[in-house]
There are 2 protein chains.
Amino acid sequence: MKFSSKIQRCELSPMRKFLPYELAAEAKGRKIYHLNIGQPDIETPKAFFDAVKNFQDPVLAYAAAPGVSEFLTAVQGYYANLGIHLEQSDIYATAGGSEALQMALTCILDEGDEILIPEPFYPNYNTFVSVTGGVIRPIPTTPEEGYRYADRARIEPLINEHTRAILVTNPGNPTGVVLSPEEMRLMADIAKEHGLFLISDEVYREFVYGGEPLASMAQFDDAAENVVVVDSISKRFSACGARVGILVSRNRELMAQALKICQGRLCAATLDQLGAAALYGVGSDYFSAVREEYHRRRDTCMEGLSQIPGVVCECPKGAFYLMAKLPVDDTDKFQTWLLEEFQDNGETVMFAPGEGFYGTPGKGRDEVRLAYILKQADLRRAMEVLAHGIEAYNSRKL
Amino acid sequence: MKFSSKIQRCELSPMRKFLPYELAAEAKGRKIYHLNIGQPDIETPKAFFDAVKNFQDPVLAYAAAPGVSEFLTAVQGYYANLGIHLEQSDIYATAGGSEALQMALTCILDEGDEILIPEPFYPNYNTFVSVTGGVIRPIPTTPEEGYRYADRARIEPLINEHTRAILVTNPGNPTGVVLSPEEMRLMADIAKEHGLFLISDEVYREFVYGGEPLASMAQFDDAAENVVVVDSISKRFSACGARVGILVSRNRELMAQALKICQGRLCAATLDQLGAAALYGVGSDYFSAVREEYHRRRDTCMEGLSQIPGVVCECPKGAFYLMAKLPVDDTDKFQTWLLEEFQDNGETVMFAPGEGFYGTPGKGRDEVRLAYILKQADLRRAMEVLAHGIEAYNSRKL
């Protein structure tokens, strides 16, 4: 049986191959510090569960295709607080940020169309772009420059007649890069000048550690036709399993096209949308506390990394990831070795090897992504284990 | 800004254009009998809400990409009761049957590939196929023959070098056609002989009214490589808003390809999957009661239709829809007129005009789909209103 060329261009999660080694390490009694995944350990605010429990309708019916009105109203109010006026028709509820992104890409990309994405990037972008038949053209960055990409001279030479869009993650996964106001403006300008869509994945918006005001590409009125925002409650409220995302655009025709997909798949989950709507009522205290917690974790991580000779890592400004260059030959091999051969007092560590985050073959081989989603004490110890691991790996006999 | 050719080939729901007329009729105080939508009025079993309320984890985390194990186990047990042995890896939890179908089509269809679908068919199939770049080649049927399509002489001439799959809905939406065991075997044979995937949308499996044993294309061991089943809890347990569907196939490579998409979109909603798992524990009494209720409703509908001169409608054997040819020139115009001009004791009726269910231009113009999802007394009255409407429409002065 033959499969589509599109699906054959997609790949399984690059993390998946470590599962057998992970299970084997656990079977040997190893404790593993998991810095490889982006599942926050922060409690989901009770408001979600309360709303779900209070649902009284005898029939769990379809929601309206664009979303439950309580949820759309909540999202509208949230953006109004950021100083961004949206009509409810500028907002669709989706099955996670993933579906919002899939919808946007389906509306925009035809077979062979190109989309610029700064690399390293979230590996699932590969899947979402490939199934449309589109092609990712990476905007190159380096660890030495802190993975910054908002640079006209770097981006414009990559634009050609096939380019349809630019996709950025801001704050960045995997890099933690946060665009400055000037850099945001520049990205919007480039999109406008070249007639491109600017898809801005802003699911980590609240996770900024330099006191920056919360920002969105949707704030540029003059680029309203270009900007498409992908948003989600998953990280904002630590409610990843709810699968409630948001597609936001003031481009009316884009929303009219996307509505065809919304109607086709009928709706996002009704109860989860009601729970999500309630989450938008949590106060700013919630965000301050969460932000401070991650801020401390980031600093703990950076402190640990700074003790390891040869590591290149500029302090990330947002999200809860950092990307670092390690003084090892190949982080993929290093990860396997850490699980198979290494232990430090019975403990080892997992990260996400860097290569899977790059579109350019061969890049990122000595880099890793670390998710700082553990408590501080655990993170401190994980960094110690990592340091000992690097030392032992580099002095092993081959 | 330019949009993809794929999305431009998709259409908004054909029902959507009646909304302004519907609202205007309601504003005039008209009571409308809604036979136009497939939202059941049956109560969702309490087990769903109980499971959701009993969730105790402090963090609503991502589920595993293929599904929550409680849910996969429940589905596996359900199929075992049908005599079909599935591995858990043959089952993925999806965001409704819609996502299961989208996954299957994405894995199979490239730009220009063809898929055979008996017409009339569920209009959202248009969207799901179009976004892959594929093309629907309709298998023609007629109201006079009860919309039956399982006929080698009718299907084989449509197969060419671009054909990749056959998609059937069994029991059928919009026609209510239920394949006999021999017809199911024939469809599987045709798929096998021509090396095609047979995608079988079986979300109405329980809704059969002739005492037939529950059936699935997954029962044919010799066609395990060809068969892909799309399933869902939406209709089975009247839980449409949960958006929990199921992709089933014993074609290992198909499931390996689809896993790329599962991982890309992370997971289906965690809580809803737990609720869905609990639903599989409701006893057979539940299904008997629901089946009897719809059986009575179908008979009420058919009785009403049989009183209307000129209607062509063979009694449907399953699902909760019927497709009928009405003695009017154009059911689209007739629907508009029913909402704008007509009333019978202050009441009118809505159905789904037939044209939107056809792939062949111009077909179905004198047909309608009726969803018998109202209580018997309401259905009886709705049929009366329809009969009076047809009479008045055909004797109006133009």
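Details of the structure are given in the entry above.
Just so it is clear, the model here is predicted, and its values are computed rather than measured.

Draft legend 1. Geometry of the environment of N226(A). Relative to the assigned elements, N226(A) resides in the loop between β6 (197-201) and β7 (227-232). Exposure remark for N226(A): the relative accessible area of 6% places this residue in the buried category. Along the chain, N226(A) and I199(A) lie 27 residues apart, while their C-alpha atoms are 8.1 Å from each other. With near-sequence residues (within four places) excluded, N226(A) lies in contact with A191(A), K192(A), G195(A), L196(A), F197(A), L198(A) and M1(B).

Draft legend 2. Examining the nonpolar core more closely. Membership of the largest hydrophobic core comes to 218 residues, with the highest contact counts inside it found for F71(A), L305(A), F71(B) and L305(B). For F71(A), the contacting residues outside a window of four places in its chain are A93(A), I233(A), V244(A), G245(A), I246(A), Q273(A), A276(A), A277(A) and Y280(A).

Draft legend 3. Inspection of empty space enclosed by the protein at higher detail. Throughout the structure, instances matching the rule amount to eight cavities of 30 Å³ or more. Size it by volume and the largest cavity reaches roughly 570 Å³. As for the largest cavity, its lining consists of 34 residues, of which E99(A), Q102(A), E99(B), Q102(B) and I261(B) are closest to the centre. Every element with two or more residues in the lining of the largest cavity is listed here: α5 (96-108) of chain A together with α5 (96-108) of chain B. For the lining of the largest cavity, the residue count by class is 19 nonpolar, seven polar and eight charged.

Draft legend 4. Quick look at unusual backbone geometry. E119(A) connects to P120(A) through a cis peptide bond whose omega is 5 degrees. Among the structural elements, P120(A) can be located in the loop between β3 (114-118) and α6 (124-130). Despite not being glycine, R243(A) shows a phi value in the positive range, around 55 degrees. Along the chain, R243(A) falls in the loop between β7 and β8 (245-249). Phi is positive for Y147(B), close to 60 degrees, though the residue is something other than glycine. If you trace the backbone, Y147(B) turns up in the loop between β4 (135-139) and α7 (152-155).

Draft legend 5. Fine view of helix α11 (residues 284-306) of chain B. Residue and element names in this part refer to chain B. Taking 1.5 Å of rise per residue, 23 residues should cover 33 Å, and α11 covers 32 Å from first to last C-alpha, within 8% of that figure. All buried positions along α11 are accounted for by Y286, F287, V290, E293, Y294, R297, R298, T300, C301, M302, G304 and L305. On its buried face, α11 is in contact with β9 (321-325), β12 (367-371) and α13 (376-394).

Draft legend 6. Broad picture of the interface of chain B and chain A. Each side of the interface is counted separately: chain B has 77 residues, and chain A has 77 residues. Approximately 6000 Å² of surface area, both sides summed, lies buried where chain B meets chain A, with 58% of it carried by carbon and sulfur atoms. In terms of surface lost to chain A, no three residues of chain B exceed M1(B), F3(B) and L60(B), which account for 12% of the buried area on that side. Our enumeration of links across chain B and chain A arrives at two salt bridges. Measuring nitrogen to oxygen at the nearest pair gives 3.7 Å for the salt bridge that ties K6(A) to D110(B). Here chain B is connected to chain A by 38 residue pairs in polar contact (both at pLDDT 80 or more). Only α1 (5-9), α3 (46-53), α5, α6 (124-130), α9 (252-264) and α10 (270-279) of chain B provide two or more residues apiece to the side of chain B that touches chain A. If you tally residues by element for the side of chain B that touches chain A, the top one is α9(B), at nine residues. Taken together, the residues of the side of chain B that touches chain A sort by class into 36 nonpolar, 22 polar and 19 charged.

Thresholds, definitions, all that
Residues numbered from 1 in each chain as written. Chains lettered and ligands numbered in written order. Predicted model: local features only at pLDDT ≥ 70, side-chain atom pairs only at ≥ 80, totals over all residues. Heavy atoms only, no water. Helix = DSSP H or I, 4+ residues; strand = E, 2+ residues; numbered from the N terminus. Buried < 20%, exposed > 50% of the residue type's maximum accessible area, 1.4 Å probe, protein only. Contact = heavy atoms within 4.5 Å. Core = buried A, V, L, I, M, F, W, Y, C linked by side-chain atoms within 4.5 Å. 1 Å grid on protein atoms, 1.4 Å probe; cavity = no way out; pocket = protein on both sides within 12 Å on 5 of 7 lines; lining within 4 Å. Points joined across faces, edges and corners; volume = space filled by probe spheres on them. Nonpolar A, V, L, I, M, F, W, Y, C, P; charged D, E, K, R; others polar. Expected span 1.5 Å × (residues − 1). Buried area = accessible area lost by both parts, 1.4 Å probe. Salt bridge = Lys/Arg side-chain N within 4 Å of Asp/Glu carboxyl O. Polar contact = N/O pair within 3.5 Å; in protein donor to acceptor, adjacent residues only side chain to side chain.

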